[in-house]
Every structure is written in C-alpha cells, then in structure tokens.
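Coordinate inspection notes
Listed below are the residues making up each chain.
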Amino acid sequence: MQDISLHLLDMIENSVRAGASLVEIHINADVPRNRISFLIRDDGCGMDDETIRSAMNPFYTTKVEREKKIGLGIPLFMQNAEACGGDFTIASIPGEGTEIRAHFKFDHIDRMPIGNLEDTMLGAIVGHPETDFLFELRRNGFNGAWDFSLDTRDIKKELDGIPINYPDVIGFLSEIINEGVKNTKMEEL
C-alpha cells in the first residue's frame, strides 16, 4: 500500500464485511511526542482468538470470492507500523466487534504518508450508506477535544430521510471533510 489512508480503507471494508453498523476511525497526530496513532473500532461480528491469529497471516482471508486465499490488509498494516518504530494490536470479542490500533513513529524515515483522508472518508460514507461512520481527527491536541469530528448518525438525522449518498449531500460532505482535514493540517503529514 502506498499510504496509510489505503490501510484505513481496507480496515473499513473489513468492518463492513463483518456486518458492522458503526465504524469509528480516530486519528491522533501528536507531533511533539513523535507519534501518529490510528484506532479503527467496529460493532461487527468480531473474531475469536484463533481467527485473530489467522488474520495476522498473509495467506488467510475470509473473502470467499477470491480465487487465491491471500489477505494482505492486516499483515501489511501491522508490518508498516512495526517497521516505523510503532506497534499494532487487535482486540476482538465474538458477537461484539473488533478494535485495531496502529501507532507509527512520526519522523521515521520509512513512515508512509497519511495520504488522501478526504477520499477515504467520503468513499466509505458514499460506498456504504447503510453503515454509520464516526471520523475523528486530532493534531497535537492535549486538551482531550477532537479537532475535527464527523458522525454520520447526526447527519442522517438532519437529512430526515434524504439518502446520505444523494448527489447534493455528497457535495456537502466533501466540503465538510475537506475543510476538517485542512484545518487539522493532516495533509501535511
């Protein structure tokens, strides 16, 4: 994968395939502490310990439509985090959901760029209108508040039945997301 946003998109797709009704993506860029953290949490079907171990294996996948049984998403994300002086963990409870955490050393020479978060967020929302998403971005925030937060549950309430993937809504979401990413200066990372 060329950037971290593609890893996030892959994790989102895994969550949706696992039947999640809510997927949360939290990104915390703590530059003074030399750390970028990613948390992906869902309320999907979850995994038992054996499935978690298998998911870390690049030759395992749950995708039945694949001719070759190779699932590189989780192993590559883990490898990229660990190669940059970071770490990677998965916690999951069958029937309740999964939580993935990846931490990267900010200034590590091998850290890939964050990439296009705007397209990743918008693509997830538009591509999976039946799923709710919570995106939260923080840059150097020590006060506990998120610098940018977008919760599709709130937006869907305001839309009052208008589909979230309606063309005018997509334009509105694109503006909000672009402004949020710009204000947090995530594109610089």
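Summarised in this report is the structure supplied together with it.

So, how was this worked out
- Residues numbered from 1 in each chain as written.
- Predicted model: local features only at pLDDT ≥ 70, side-chain atom pairs only at ≥ 80, totals over all residues.
- Heavy atoms only, no water.
- Helix = DSSP H or I, 4+ residues; strand = E, 2+ residues; numbered from the N terminus.
- Buried < 20%, exposed > 50% of the residue type's maximum accessible area, 1.4 Å probe, protein only.
- Contact = heavy atoms within 4.5 Å.
- Areas by Shrake-Rupley, 256 points an atom, 1.4 Å probe, with all protein chains shown as cover.
- Core = buried A, V, L, I, M, F, W, Y, C linked by side-chain atoms within 4.5 Å.
- Polar contact = N/O pair within 3.5 Å; in protein donor to acceptor, adjacent residues only side chain to side chain.
- 1 Å grid on protein atoms, 1.4 Å probe; cavity = no way out; pocket = protein on both sides within 12 Å on 5 of 7 lines; lining within 4 Å.
- Points joined across faces, edges and corners; volume = space filled by probe spheres on them.

**Considerations on the overall build of the chain**
For the chain, the count of helices and strands is six helices and six strands. Put simply, the chain runs from its N terminus to its C terminus through helices and strands in the order α-β-β-α-α-β-β-α-β-β-α-α. Of all 189 residues assigned to the chain, the portion counted as buried reaches 46%. Contacts in the chain between residues far apart in sequence, at least 24 positions, make up 62% of those at least 6 positions apart. When the accessible surface of the chain is summed, it comes to about 9,800 Å², and 50% of that surface belongs to carbon and sulfur atoms.

**Overview of the nonpolar core**
In terms of nonpolar packing, the biggest core is built from 48 residues, with Leu8, Phe38, Phe77, Phe88, Leu117, Phe135 and Met186 touching the most fellow members. Ignoring any residue separated from it by four or fewer positions in sequence, one finds phenylalanine 88 in contact with Met56, Ile74, Phe77, Met78, Ala81, Ile100, Arg101 and Ala102.

**Thoughts on unusual backbone geometry**
The backbone of asparagine 34 sits at a positive phi, close to 60°, despite the residue not being glycine. Along the chain, the position of asparagine 34 falls in the loop between strand 1 (22-30) and strand 2 (35-42). Of note, the phi angle at lysine 185 is positive, near 55°, even though the residue is not glycine. Counting through the fold element by element, lysine 185 comes out in the segment after helix 6 (167-184).

**Things to note about the side chain of serine 37**
Following the sequence through the fold, serine 37 ends up in strand 2. Of the polar contacts made by the side chain of serine 37, one reaches the side chain of arginine 35; its length is 3.5 Å. Side-chain polar atoms of serine 37 contact the side chain of histidine 103, separated by 2.8 Å.

**Here's the deal with empty space enclosed by the protein**
Taken as a whole and judged by the stated rule, the model has one cavity of 30 Å³ or more. By volume, the largest cavity amounts to about 30 Å³. Among the elements of the structure, strand 1, helix 4 (117-127) and strand 5 (132-139) are those that each provide at least two residues to the lining of the largest cavity. The greatest single-element share of the lining of the largest cavity, amounting to three residues, is contributed by helix 4.

**Quick look at the environment of arginine 41**
Looking at the secondary structure, you find arginine 41 in strand 2. With a relative accessible area of 28%, arginine 41 lands in the partly exposed category. Separated by 57 residues in sequence, arginine 41 and threonine 98 have C-alpha atoms that sit 5.8 Å apart. Among residues more than four places away in sequence, those in contact with arginine 41 are Leu22, Val23, Glu24, His26, Thr98, Glu99 and Arg101. Among the polar contacts listed, one links the side chain of arginine 41 to the side chain of glutamate 99, at a separation of 2.9 Å.

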